[in-house]
Amino acid sequence: MKQKYRAKGKFARLSTLKKHLKKRINVVVSVMSGTWGMKKPLSSKICDGTTSVPCYAVIPAYHKNDKNEALLEASYGNIVEIFGALVRENEEFSSYNLLINRNTIVEPV
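The written sequence of each chain sets the order in which its residues are numbered from 1. Given that the model is predicted, a residue must reach a pLDDT of at least 70 before its local features are reported, and side-chain atom pairs must reach 80 or more before they are shown or counted; all residues, however, enter totals for whole chains, interfaces and linings. Computation of side-chain values covers all heavy atoms of the structure but excludes hydrogens and water.

Our focus in this paragraph is the pairing of strand β4 (residues 79-90). Classification of residues uses two cut-offs on accessible area relative to the type maximum, computed with a 1.4 Å probe and protein chains only: under 20% is buried, over 50% is exposed, and between them is partly exposed. Think of it this way: any DSSP run of H or I at least four residues long counts as a helix, any run of E at least two long counts as a strand, and we number them from the N terminus. Buried residues dominate β4, accounting for nine of its twelve residues. Pairing of strand β1 (residues 24-31) with β4 involves seven bridges; the strand directions are antiparallel. By the bridge assignment for β4, Ile 25 is matched with Ala 85. The sheet contact formed by β4 and strand β5 (residues 95-99) spans five bridges and is antiparallel. When the sheet's bridge partners are listed, Val 87 is paired in β5 with Leu 98. Between β4 and β5, which pair antiparallel and follow one another directly, the connecting turn spans four residues, one of which, Ser 94, has a positive phi of 50°. For two strands to pair, DSSP has to find at least two bridges joining them.

This paragraph deals with the pairing of β5. With respect to burial, β5 is a largely interior element, four of its five residues being buried. Across four bridges, strand β3 (residues 55-59) lies against β5 in parallel orientation. Residue pairing in the sheet places Ala 57 in a bridge with Leu 98 of β5.

Here is the structure:
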């Protein structure tokens, strides 16, 4: 399912995550998987079409709330805006994680 969306505001591209390590950023992404597994933390694969490195949005169970729940409700291909996600590198799996906490806002587009 192809969707067109033009972001309004300042958002980082996933291809630039390396320069944002350990910083909080805003991104617009497409959800490429549902929430994985029943175990905590909850994670979803995300993409914005600018990188070949796997990226995941991760919500520890104790940070789940009404402000970030839209990520868990998004289905495959849905676009969401994420405000204030912490960028971490997962060297073991050669990927990036965007950590979602209770102050992070996720809005469906």
